[in-house]
Amino acid sequence: MTDIRDLSFVSDEIINYLPYGVNQPAPDGAIATHRRHAKPPTQEVVVGSTKLNKGVTMNNQNSQSLLRRRSWRRRLIRVTCAITLSAAMATSGVPTPQAHAAPTSNPWLGFKAPVKTHPRTAIEQNIPVKMDDGVTLRVDVRYPADRNGRKAKGKFPVVLTSHVYGKALAAAMVDYSKYGYIVVTADVRGTGASEGKLGILDDREAKDAYNLVEWAGTQPFSTGKVGVEGFSHLGATAAMTAAMRPPHLAAVSFGGAPTDLYRTFTTQGGNWTSSSALWFALQMMGVAPLPMALDGSEPAIHPRYPTTDIGTFIARLQADGSSVPFRFQELRRMMDESNNWDNAFWRERATDVTRINVPTLVYSGWADLFLRDTPRDFRSLNLPSNQKKMMIGPWTHYSLPKSIGPRNNQPVDDMLVAWFDKWLKGIDNGVDRLDPALLWNYGTERWVGREAWPPSGTRYQRLYLNGKRSGTSRSINDGTMSPAAPTKRGRATERIDPLAGICSRQTVQYLGGLPVYLPLSFFIESFPLKRTPLVDKAAPCFESDDRINEVGKLTFTTSPAKRKVDMTGPIAMTLRGSTTAKDPTWVIRVADVAPNGTARPISEGALVSSRRKLDPDRTGYFNGDAVEPFQFHTKAAKLPVKRGAIETYNIEIWPTSWTIRPGHRLRITVDGAELPHLMPTAASPKRLGDLSVHYGPEQLSFLSIPVQEGSF
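Residues numbered from 1 in each chain as written. Predicted model: local features only at pLDDT ≥ 70, side-chain atom pairs only at ≥ 80, totals over all residues. Heavy atoms only, no water.

### Here we look at the packing of helix H3 (residues 203-217) against helix H4 (residues 233-243)
The interhelical angle for the contact between H3 and H4, taken along N-to-C directions, is 75°, at an axis separation of 9 Å. Judged on the interaxial angle alone, H4 and H3 are roughly perpendicular. Taking contact as the criterion, the partners of Glu205, Ala206, Ala209 and Val213 in H3 are, on H4, His233, Thr237, Met240 and Thr241. Split into classes, the residues belonging to the contact of H3 with H4 amount to 4 nonpolar, 3 polar and 1 charged. (Axes fitted to C-alpha atoms, helices over the stretch in contact; angles between N-to-C directions. Helix = DSSP H or I, 4+ residues; strand = E, 2+ residues; numbered from the N terminus. Parallel < 35°, antiparallel > 145°, perpendicular 65-115°, else oblique. Contact = heavy atoms within 4.5 Å. Nonpolar A, V, L, I, M, F, W, Y, C, P; charged D, E, K, R; others polar.)

So, in structure tokens, the structure goes:
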């Protein structure tokens, strides 16, 4: 019989985290049916054996998870729940959940790679598809074909991709047609061969996506089952499509895709980012007058493309009705920061993934510029564990090839095709029995499997900043981090360098990996070069050692780990800081310091001082600490920045899966800029001045790290 004490975590969960229970009021309003405007649901973070609602403080006092005193009412409910669940488990044979689940050492065991079924592809181009408002979109349809290029007979499942960059680029994606699928690729509204105005993931584009799925699912060539897929912007479109719930949709996969465009794509911590400029530049491909094909399947210039007419091209650039072309208008709004708020414009373009109701595969890379949303999306999917999968590999956005498997030498395409094989064809290939989360773990340099995100058994450890010198860094202060709270009060100060961060991993990550590729391998036949687990050895300035970014900055370093520390999940910084600047940015970089002194970048986070106000309903807490901060970023929530005033800054640091090996240390670098990742704007003069980090018994500054095994 299960010991009642083993079930305390269950009753804690029921008491503290019921959606409309003791600690939470019922949400206002009816459930919205539109993918954009649903009230943001209370999300959950799995920590230990409990599910933590976003915005609800976990009831632990410290890293040893000591329970708080509870009222007689809570104790009564807790005992009653425990007795009931104990009896249920005893009679059903359900094992007692464990405090910690070890990672699967070979998470790919049982996975069967797909096999091509057709040698060639037959193509029909620019097929018109009329939308509900009368606008015509055009699609290309690729069919499985025999050796002579003749279409295969019969009906097939359909894979749909919608392109903003021109559907001719479909040649660069997975060729699903050779695996027995009809592939439909569409030019989204206002791009390529399609009519209308480009809205860029707006509500009109979402309706088009719904219509395209229903068209594909009812064609004579279709079995009635449609999958949508895509990477990057195409992935954001796929997520948007799935959230619309078209009836013929049977599965979805999306990778390297932002679903919260404001926080993940265009800004970080309230700073405009280089990736936002990249996005606007890439969209020009969709409206360009001469769409280019990457293969010989279609001509480089399409006679029926509206954009072959220069007048149509100019009209598309001025689609917002202004005399200034639309893309440049948006760039202006970025540079003067007039659109740098989580406002209606960006909320319309965000996707509520909790609405997705079909099997879903999400994937990204630990150095992908859109990493932030992938684990959040995975955690938010309301699907059975066998119907949702997440892969995060040792990749940048443009890493090629992206590899998976026990030896990390299989193309990621195998997983993408296998996902549709399972859910569109019913093939038993083992993909549904793999661990829900497949993660590349740095430190051990291998793939591991996890059953949840963050993994079960996760606890958070505070590492406090203090003034004792570590003797390991050439920074201004060479401070230390320790599990023990500081006993003496102090502070460390640096002058903000606006050019900081040029030679850092962030330059690679937030430009998609291009700084690695372009100088050395973009124009040579052997592209891409052989890669290390993170990126090329050819870019040591950008990737392999972060010590160059510590000079003239503030650092805090732990003592060497006595045994390995398994660190998988979101990271956060709680910092007590003051400034002489009008509105500076706080940048935190985290690194793994080897015994030889090399500081290997792990992750980073940033926050503009005036944007520090937390949204408590969407922030993840542990022990009362904000371990997954979520700021409002609205004009109404903007806070004043007073010269010299000490404030608390909760800085979101993007997640990781990293093993700190024995003898290695953990280090943070505090900075005030990160160029070119955090772009100069009209607000840049407000960013200049001094930053001071405060520490002491009354001024606790600490790094919160997710720990599954070991500790510092």
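This is not the end of the story, as more comes after the structure.
### Comments concerning the nonpolar core
Membership of the largest hydrophobic core comes to 126 residues, with the highest contact counts inside it found for Met415, Leu666, Ile668 and Leu703. Every residue in contact with Leu703, bar those within four places of it in the chain, is listed here: Gln461, Arg462, Leu463, Met481, Ile571, Ala572, Met573, Ile653, Leu666 and Ile668. Tyr165, Val188, Leu198 and Leu234 belong to the second-largest nonpolar core, a separate cluster that totals 6 residues. (Core = buried A, V, L, I, M, F, W, Y, C linked by side-chain atoms within 4.5 Å. Buried < 20%, exposed > 50% of the residue type's maximum accessible area, 1.4 Å probe, protein only.)

### Side note on the packing of aromatic side chains
Across all of its chains, the model carries 19 aromatic pairs by this definition. A connected cluster of aromatic rings, assembled from ring pairs, spans Trp108, Phe111, Trp395, Trp440 and Trp447. Seen from the ring of Phe345, Arg333 lies directly overhead, with NZ or CZ sitting 5.5 Å from the centre. Between the NZ or CZ atom of Arg611 and the centre of the ring of Trp341, over which it lies, the distance is 4.0 Å. (Phe/Tyr/Trp six-rings, centres within 6.5 Å; stacked < 30°, edge-to-face > 60°. Lys NZ or Arg CZ within 6 Å of the ring centre and 35° of its normal.)

### Notes on the sheet that holds strand E12 (residues 388-396)
Taking strand neighbours across the sheet as the criterion, the 10 strands line up as E3-E4-E6-E5-E7-E8-E11-E12-E15-E16 in an open arrangement whose pairing is mixed. One side of each edge strand has no neighbouring strand; the edge strands of this open sheet are strand E3 (120-130) and strand E16 (446-450). Geometrically, the sheet is characterised by an average inter-axis angle of 20° between neighbouring strands, direction not taken into account. Inspection of the sheet shows strand E11 (residues 360-367) paired to E12 by 7 bridges, in the parallel sense. When the sheet's bridge partners are listed, Gly365 is paired in E12 with Gly393. Of the strands in this sheet, strand E8 (249-255), E11, E12 and strand E15 (437-441) are in contact with helix H10 (residues 373-380), which crosses E12 at around 170°. Most of the contacts of helix H11 (residues 413-425) go to E8, to which it runs at about 165°, and overall it touches strand E5 (156-163), strand E7 (222-231), E8, E11, E12 and E15. (Pairing = 2+ DSSP bridges.)

### Points about the environment of Tyr464
Mapped onto the elements of the fold, Tyr464 is located in strand E17 (residues 459-466). Residue classification places Tyr464 among the buried residues on the basis of a relative accessible area of 10%. With 239 residues separating them in the primary sequence, Tyr464 and Leu703 have C-alpha atoms 6.5 Å apart. A polar contact is formed between the side chain of Tyr464 and the side chain of Arg462, at a distance of 3.0 Å. (Polar contact = N/O pair within 3.5 Å; in protein donor to acceptor, adjacent residues only side chain to side chain.)

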